[in-house]
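# Coordinate analysis (summary)
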Amino acid sequence: MHRVAEALLNYPGTRDNDRMLCAMVWRDELIADGRDVNEMYAPDFFLAYLYTLTDAATITRCKRQLQLTNPELKKEPK
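Our subject in this report is the structure included herewith.

Time to look at the side chain of Arg-15. Summarising the element assignment, Arg-15 is placed in the loop between helix H1 (2-10) and helix H2 (18-32). You can call Arg-15 buried: its relative accessible area is 9%. Among the polar contacts made by the side chain of Arg-15, one reaches the main-chain carbonyl oxygen of Leu-8 at a distance of 2.9 Å.

All right, on to the packing of aromatic side chains then. Summed over all chains, the structure comprises four aromatic pairs. Measuring from centroid to centroid gives 5.9 Å for Phe-45 and Phe-46, while their planes differ by 65°, and the two rings are edge-to-face. An aromatic cluster of at least three residues, connected via ring pairs, comprises Trp-26, Phe-45, Phe-46 and Tyr-49.

Enumeration according to the criterion identifies zero disulfides in this entry. Cysteine Cys-22 shares no disulfide, and the gap to the nearest cysteine sulfur, in Cys-62, comes to 10 Å. Residue Cys-62 is classed as buried on the basis of its relative accessible area of 14%.

Each value, and the rule that gives it
Residues numbered from 1 in each chain as written. Predicted model: local features only at pLDDT ≥ 70, side-chain atom pairs only at ≥ 80, totals over all residues. Heavy atoms only, no water. Helix = DSSP H or I, 4+ residues; strand = E, 2+ residues; numbered from the N terminus. Buried < 20%, exposed > 50% of the residue type's maximum accessible area, 1.4 Å probe, protein only. Polar contact = N/O pair within 3.5 Å; in protein donor to acceptor, adjacent residues only side chain to side chain. Phe/Tyr/Trp six-rings, centres within 6.5 Å; stacked < 30°, edge-to-face > 60°. Disulfide = S-S within 2.5 Å.

Below you can see the structure in the form of structure tokens.
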């Protein structure tokens, strides 16, 4: 949940874009695992997706929970 909250705080575009949120969380997870995301090959990402990265449904569930308890993490009105 920490990485989801961090992404919502640091990247406001993730507040209403679940794909962007997942990408940012996965990027942070891969970097924390010592991987160079700029040099990573697709097959390596797919293996990480299957075995080590947080599931997208879990990330979006965390986002909804965080936004319920922290209104400042919701999308800002235009």
